[in-house]
Amino acid sequence: MADFDLAIIGGGINGCGIARDAAGRRLRVVLLEQNDLASGTSSASSKLIHGGLRYLEHYEFGLVRAALREREILLRAAPHLIRPLRFVLPINEARRSPTLLRLGLLLYDWIGWRRILPGTRELDLVTDQAGLALKARFHHAFEYSDCFADDARLVVLNAVDAAERGAVIRTRTRCVRAERSDVWRLVLNARGQRDVITARVLVNAAGAWSELFAETALRVTPPRRLRLDKGSHIVVRRLFDHDRAYILQAADGRVVFAIPFERDFTLIGTTDRAFTGDPSVVLPTGEEIDYLCGAVNEYFRTEIGAADVVWAFAGVRSLYDDGARKPQDIGRDYALILDERFGEAPMLTVYGGKITTYRRLAEHALARLSHFFPHSRPWTAHSALPGGDFVYDGVDTLVERTQRSFRFLAADHARRLVRAYGTRLERVLGTATRLDDLGMRFGADLTGAEVRYLMTTEWAQTADDVLWRRSKLGLRLLPAQIAMLERFMASPPGGAIA
Ligand SMILES: Cc1cc2nc3c(=O)[nH]c(=O)nc-3n(C[C@H](O)[C@H](O)[C@H](O)COP(=O)(O)OP(=O)(O)OC[C@H]3O[C@@H](n4cnc5c(N)ncnc54)[C@H](O)[C@@H]3O)c2cc1C
């Protein structure tokens, strides 16, 4: 008998979503991630749980409708990680006609299956607070709803849930060889240690690496179905004083988002450039940074330039190219290709997808494999992710409750912990009655207790795992504080600097 029913390559949102869904159906699952969870594209997105207003221009109504429906399903499943966000779309007649925009937004609202999120309205920018940050020539705007998520934590919490349902999650474990017979025999390299496991079914959820995986581990020449596109973001100090985002129509016809981020910052993105090469080595270029600053400078009173950028990151979208369409028409939907051969173990390859549609993608992946795993039923549409078992608008109440139970926590600290851990924050804080009970302090309210929790429960191994994927405290810690964190993580629990 094979060691596992399902082996999944890739610890991004799609791999972890499939692992969670499959483990909840009582399948024996192993997930292999060569680096940290969410170290690929899934931590470099614009972090929107959205239908994608601009995909309406490409007539992708099916994708938009399905993605819009996921917004409220995910918001209810993870109200700590996901929050409703209103978008201000300043009217710029030189770019798109207001009538066209109004019709697009009507359609967005109409197909949007909204129970929670409010609909579109028009704004007078002369009187509305959203106008204060903008240049005086913008008089009117539309305002509509989507959601914003912590993309990397969404990945990690899917992995946590999968593990609690029995899945084996192996990070820093690269699958270097996949040999096919009646089962899959997978050769793994875990930081120099060789290991071999077997599985009945293989899922290639390696995202932008999926063809590279086919070439190097499967040793086949894959049909060229992937198109890779690079997208970059920049983060600057806060550009405006409210909690709505802006969607700006750029000069090249694209849209650029300016989103309130981590309380004191604004996240600006994205670009869209054809990409070839190794997706592990992807950085924003000066030209992309100038492009994003230019889009902001056209609309905002405060001018920004490269010197104002406090953080920049890039990721690679993998888009499914069925060969039938022109590059600009290649959609953002996903494709699941099942490779079945008589007498040989099957393989499912995941192409494309979005953070927004990962849950549905996982459900479809399991449906594609249903003849191998009968008696399994979809279950994720009404099930909370770890810590998300509270009402969708209950963050403020949970913050208040937390401050009553842990009186030593400052308001911002309590809110950050609620946003990250939801109802599980008590597992992070334990029986602490004073801040000192939480151990070492690294700066920006990060404590030893939290880091130990992340190491034991969420597979964090390095300072980067903690500072950029389990949190965004990398925006706040100084180099000396990061060095202290590195030393702490390298020391055994209970050791001299624990
Ligand atoms: C700039 C940009 C903005 C975006 N904005 C949004 C947005 O706002 N909303 C939205 O819904 N979507 C957005 N997306 C899309 C979304 O981010 C991606 O669709 C999604 O993250 C893809 O997830 P994935 O799991 O397929 O890939 P990844 O997250 O890249 O995961 C694949 C993983 O496979 C691992 N791997 C590869 N080879 C091996 C191997 N041999 N062994 C073990 N592990 C291996 C890699 O290390 C990687 O971690 C955006 C994408 C980009 C690039």
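The rules we used
Residues numbered from 1 in each chain as written. Predicted model: local features only at pLDDT ≥ 70, side-chain atom pairs only at ≥ 80, totals over all residues. Heavy atoms only, no water. Helix = DSSP H or I, 4+ residues; strand = E, 2+ residues; numbered from the N terminus. Rg over C-alpha atoms; globule rule 2.2 N^0.38 Å. Buried < 20%, exposed > 50% of the residue type's maximum accessible area, 1.4 Å probe, protein only. Contact = heavy atoms within 4.5 Å. Areas by Shrake-Rupley, 256 points an atom, 1.4 Å probe, with all protein chains shown as cover. Lys, Arg positive; Asp, Glu negative; His and termini not counted. Charge placed at Lys NZ, Arg CZ, Asp CG, Glu CD. Axes fitted to C-alpha atoms, helices over the stretch in contact; angles between N-to-C directions. Parallel < 35°, antiparallel > 145°, perpendicular 65-115°, else oblique. Salt bridge = Lys/Arg side-chain N within 4 Å of Asp/Glu carboxyl O. Near = heavy atom within 4 Å. Polar contact = N/O pair within 3.5 Å; in protein donor to acceptor, adjacent residues only side chain to side chain. Nonpolar A, V, L, I, M, F, W, Y, C, P; charged D, E, K, R; others polar. Disulfide = S-S within 2.5 Å. Core = buried A, V, L, I, M, F, W, Y, C linked by side-chain atoms within 4.5 Å.

Points about the overall build of the protein
Argument step 1. Within the protein, the secondary structure is distributed over 13 helices and 20 strands.
Argument step 2. For the protein, the C-alpha radius of gyration of 23 Å lies close to 23 Å, the compact-globule estimate for 498 residues.
Argument step 3. Viewed in the frame of its principal axes, the protein has a C-alpha envelope of about 70 × 60 × 40 Å.
Argument step 4. Across the 498 residues of the protein, 59% fall into the buried class.
Argument step 5. Within the protein, contacts between residues at least 6 apart in sequence are counted, and of these 71% link residues at least 24 apart.
Argument step 6. With an accessible surface of roughly 20,900 Å², the protein has 52% of that area assigned to carbon and sulfur atoms.
Argument step 7. Within the protein, one finds 69 positive and 61 negative side-chain charges whose respective centroids are separated by 2 Å.

Quick look at the packing of helix 2 (residues 61–77) against helix 7 (residues 358–368)
Argument step 1. Where helix 2 contacts helix 7, the axes come no closer than 9 Å and their chain directions differ by 105°. Classified by the angle their axes make, helix 2 and helix 7 are roughly perpendicular. Between helix 2 and helix 7, the residues in contact are Ala66, Glu70, Ile73 and Leu74 and Tyr358, Arg359 and Arg360, respectively.

Remarks on the pattern of salt bridges
Argument step 1. Taken as a whole and assessed by the stated rule, the structure comprises 48 salt bridges.
Argument step 2. A salt bridge links Arg102 to Glu122; the shortest N-O distance between them is 2.9 Å. Taken as a pair, Arg102 in helix 3 (residues 98–110) and Glu122 in strand 5 (residues 121–124) lie far apart in primary sequence, 20 residues in all.
Argument step 3. A residue is classified by how much of its surface remains accessible, and Arg102, at 37% relative accessible area, is partly exposed.
Argument step 4. Using a relative accessible area of 47% as the deciding quantity, one classes Glu122 as partly exposed.
Argument step 5. The shortest N-O distance in the salt bridge between Asp128 and Arg244 comes to 2.8 Å. Taken as a pair, Asp128 in the loop between strand 5 and strand 6 (140–149) and Arg244 in the loop between strand 11 (226–237) and strand 12 (245–249) lie far apart in primary sequence, 116 residues in all. Residue Asp128 shares its accessibility class with Arg244, and that shared class is buried.
Argument step 6. Within the structure, one salt-bridge network assembled from shared partners comprises Asp36, Arg172, Asp465, Arg469 and Arg470.

With respect to the site of the ligand
Argument step 1. Among the 37 residues in the neighbourhood of the ligand, the closest are listed as Glu33, Ser42, Leu48, Gly353 and Thr356.
Argument step 2. Here Leu48 contributes a backbone N or O atom positioned 2.7 Å from a nitrogen atom of the ligand.
Argument step 3. The backbone of Gly353 places a nitrogen or oxygen atom 2.6 Å from an oxygen atom of the ligand.
Argument step 4. When contributions to the shell around the ligand are tallied by element, the ones reaching two or more residues are helix 1 (13–24), strand 8 (174–180), strand 11 and strand 16 (309–320).
Argument step 5. The element contributing the most residues to the shell around the ligand is strand 16, with three residues.
Argument step 6. Taken together, the residues of the shell around the ligand sort by class into 12 nonpolar, 20 polar and five charged.

Considerations on the state of the cysteines
Argument step 1. Scanning all chains against the criterion turns up zero disulfides.
Argument step 2. Unpaired in this structure, Cys16 has its nearest cysteine sulfur neighbour in Cys175, at a distance of 16 Å.

Thoughts on the nonpolar core
Buried together is how nonpolar side chains tend to be arranged in soluble globular proteins.
Argument step 1. Counting residues in hydrophobic clusters, the biggest one holds 62 residues, and the most contacted among them are Leu446, Leu467 and Leu485.
Argument step 2. Of the residues forming this core, the biggest block, five residues, is contributed by helix 9 (residues 411–421).
Argument step 3. Ignoring any residue separated from it by four or fewer positions in sequence, one finds Leu485 in contact with Phe442, Leu446, Val451, Ala463, Val466 and Leu467.
Argument step 4. If you look at the next biggest cluster of nonpolar residues, it comprises 51 residues, including Leu6, Ala159, Leu361 and Ala362.

Re the side chain of Arg86
Argument step 1. Looking at the secondary structure, you find Arg86 in strand 4 (residues 82–90).
Argument step 2. For Arg86, a relative accessible area of 15% gives the class buried.
Argument step 3. A polar atom in the side chain of Arg86 sits 2.7 Å from the side chain of Glu143.
Argument step 4. A polar atom in the side chain of Arg86 sits 2.7 Å from the side chain of Ser145.
Argument step 5. Among residues more than four places away in sequence, those in contact with Arg86 are Pro118, Gly119, Arg121, Glu143, Tyr144, Ser145, Arg244 and Ala245.

Shape descriptors only; they carry no functional weight alone.
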